[in-house]
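Next come the chains, spelled out residue by residue.
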Amino acid sequence: MSTTEINNTTTTNVTEDTINKQKDEIKEEEGDIPPFICPNWGSKPVSSVYLEVIKNGVVKETIDISNQEYSVFGRNSGVSTVVLDHPSVSRRHAALVYHGQNNRFYLIDLQSSSGSFVNSEKIKPNQPVSVKEGFIISFGSSSKQFILKGTNSNNSNNNSNSSSNSKQTKNKNEPKQVKCRHLLVKHSGSRNPSSWREDKITRSKEEAIKILQDYRARILSNVYKFEELAQKYSDCSSAKRGGMLDTFTRGRMQKSFEDASFQLEVGELSEIVDTDSGVHIIERLE
């Protein structure tokens, strides 16, 4: 057999192998999709929780997930409760399940082809990963991001019947001091409605909150860094330091600002905090 014949035979085999592989992939893609079976620890949340859907730094919609034990993400509407029309997303991609006993949500990648991500870190298939308030969930290379919201109120409802001993334990474990940065948006009702950016601030409180919500979404979606937005848009003099504040202890700040700061975990971003100065978002650094 000549070299040409050998090369032709090899090429033919490679082509046939490729075609057969593609046929297998098509067959698998067109096959039946087994429904997601919820783990026995799954249960319905006890209060209202939802997902904030962000695309290109903008909040597009919210999805109520408070009335179900789990939410399945995927491309196929027959097995998915949250449908993602993106080629990198598997037909049945991942599931978000609430664990009632632990009072926490867990994301499970259902052996997807392109992976599931929590705060930009790829998780392992079939291994539940804890998802807390404000964590960012994404799938494959889809630009949509899902942020878990409402779990703080869930926690407060669950703890409403806690004894004073539990509260004392929590206070005992509280840090003596924290280091934070913040972004302040003032409004016409602020105690001093002016800043280095504007001599007279006339926006309403509702407008200020809406502006701050947009900043928060940009930070969470990694479109901008906190310090970049604070430096440009914060109405506090700390803007020149990217919103950085000196380390402080209890009794040094307005109470709502102080409470929010001490309740944050290191690296966590707060919800919107209302004070006499205006509305803030806070990130705890230490």
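Let us look at the structure shown here. (Residues numbered from 1 in each chain as written. Predicted model: local features only at pLDDT ≥ 70, side-chain atom pairs only at ≥ 80, totals over all residues. Heavy atoms only, no water.)

Details of the nonpolar core
For soluble globular proteins, nonpolar side chains are generally found buried alongside one another.
Okay, so step 1: In this structure, L96, L107, F139 and F146 are the most contacted members of the largest nonpolar core, which totals 21 residues.
Okay, so step 2: Looking at this core, the elements with two or more residues in it are β1 (50-55), β5 (94-99), β6 (104-109), β10 (136-139) and β11 (145-149).
Okay, so step 3: Element by element, the count of residues in this core is highest for β5, at 3 residues.
Okay, so step 4: Grouped together as the second largest cluster of nonpolar side chains are 17 residues, F226, L269, V279 and I281 included. (Core = buried A, V, L, I, M, F, W, Y, C linked by side-chain atoms within 4.5 Å. Buried < 20%, exposed > 50% of the residue type's maximum accessible area, 1.4 Å probe, protein only. Helix = DSSP H or I, 4+ residues; strand = E, 2+ residues; numbered from the N terminus.)

What to know about the packing of helix α4 (residues 205-220) against helix α5 (residues 226-233)
Okay, so step 1: Where α4 meets α5, the axes come as close as 9 Å, and the angle between the chain directions of the two elements is 150°. One element, α4, and the other, α5, form an angle in the roughly antiparallel class. Here Y215, R218 and I219 of α4 lie close against α5, whose contacting residues are F226, L229 and Y233.
Okay, so step 2: A breakdown of the residues in the contact of α4 with α5 according to their chemical character gives 5 nonpolar, no polar and 1 charged. (Axes fitted to C-alpha atoms, helices over the stretch in contact; angles between N-to-C directions. Parallel < 35°, antiparallel > 145°, perpendicular 65-115°, else oblique. Contact = heavy atoms within 4.5 Å. Nonpolar A, V, L, I, M, F, W, Y, C, P; charged D, E, K, R; others polar.)

Description of the pairing of β10
On any regular strand, side chains alternate: one points to one face of the sheet, the next to the other face.
Okay, so step 1: Where burial is concerned, the two faces of β10 agree: the one with I136 and S138 and the one with I137 and F139 are both buried.
Okay, so step 2: Sheet topology places strand β7 (residues 116-118) next to β10; 3 bridges connect them, and they run antiparallel. Among the inter-strand pairings, S116 is bridged to a residue of β10, identified as F139.
Okay, so step 3: Bridge analysis of β10 against β11 gives 2 bridges, and the strand direction is antiparallel. When the bridges of β11 are listed, I137 appears paired with F146.
Okay, so step 4: The hairpin turn running from β10 into β11, its antiparallel successor, is 5 residues long, and G140 in that turn takes a positive phi close to 55°. (Pairing = 2+ DSSP bridges.)

Observations concerning the pattern of salt bridges
Pairs can form between side chains of opposite charge once their charged atoms are near each other.
Okay, so step 1: In total, this model carries 14 salt bridges according to the counting rule given.
Okay, so step 2: Between E258 and R250 there is a salt bridge, with the nearest N and O atoms lying 3.0 Å from each other.
Okay, so step 3: With a relative accessible area of 7%, E258 lands in the buried category.
Okay, so step 4: As a salt-bridge pair, K255 and D259 come within 2.7 Å of each other at their nearest N and O atoms. Pair noted here: K255 and D259 are both in helix α6 (residues 255-263), with a separation of 4 residues, about one helical turn.
Okay, so step 5: With a relative accessible area of 19%, D259 lands in the buried category.
Okay, so step 6: The network of salt bridges with common partners includes E174, R250, K255, E258 and D259. (Salt bridge = Lys/Arg side-chain N within 4 Å of Asp/Glu carboxyl O.)

A short note on the packing of aromatic side chains
Okay, so step 1: Taken as a whole and judged by the stated rule, the model has 9 aromatic pairs.
Okay, so step 2: Look at Y98 and F105: their rings are 5.0 Å apart centre to centre, the planes differ by 50°, and that puts the pair in the tilted class.
Okay, so step 3: Classification of Y98 by relative accessible area gives buried; the value is 1%.
Okay, so step 4: A residue is classified by how much of its surface remains accessible, and F105, at 3% relative accessible area, is buried.
Okay, so step 5: Among the aromatic residues, ring-to-ring pairing joins F73, F139 and F146 into one connected group.
Okay, so step 6: If you follow R250 out to its NZ or CZ, it ends over the ring of F262, 4.7 Å from the centre. (Phe/Tyr/Trp six-rings, centres within 6.5 Å; stacked < 30°, edge-to-face > 60°. Lys NZ or Arg CZ within 6 Å of the ring centre and 35° of its normal.)

Let's talk about the side chain of S88
Okay, so step 1: Counting through the fold element by element, S88 comes out in the loop between β4 (82-83) and β5.
Okay, so step 2: From its side chain, S88 meets the backbone nitrogen of S141 in a polar contact 2.9 Å long.
Okay, so step 3: Contacts of S88, omitting those with residues within four sequence positions, involve H93, S113, S114, F139, G140, S141 and S142. (Polar contact = N/O pair within 3.5 Å; in protein donor to acceptor, adjacent residues only side chain to side chain.)

A look at the environment of R250
Okay, so step 1: As for its placement among the helices and strands, R250 is situated in the loop between β14 (248-249) and α6.
Okay, so step 2: R250 sits in the partly exposed class, given a relative accessible area of 34%.
Okay, so step 3: Along the sequence, R250 and F262 sit 12 residues apart, while their C-alpha atoms lie 8.5 Å from each other.
Okay, so step 4: The contacts of R250, once residues within four sequence positions are left out, are E174, K176, E258, D259 and F262.
Okay, so step 5: One polar contact links R250 to E174, side chain to side chain, over a distance of 2.9 Å.

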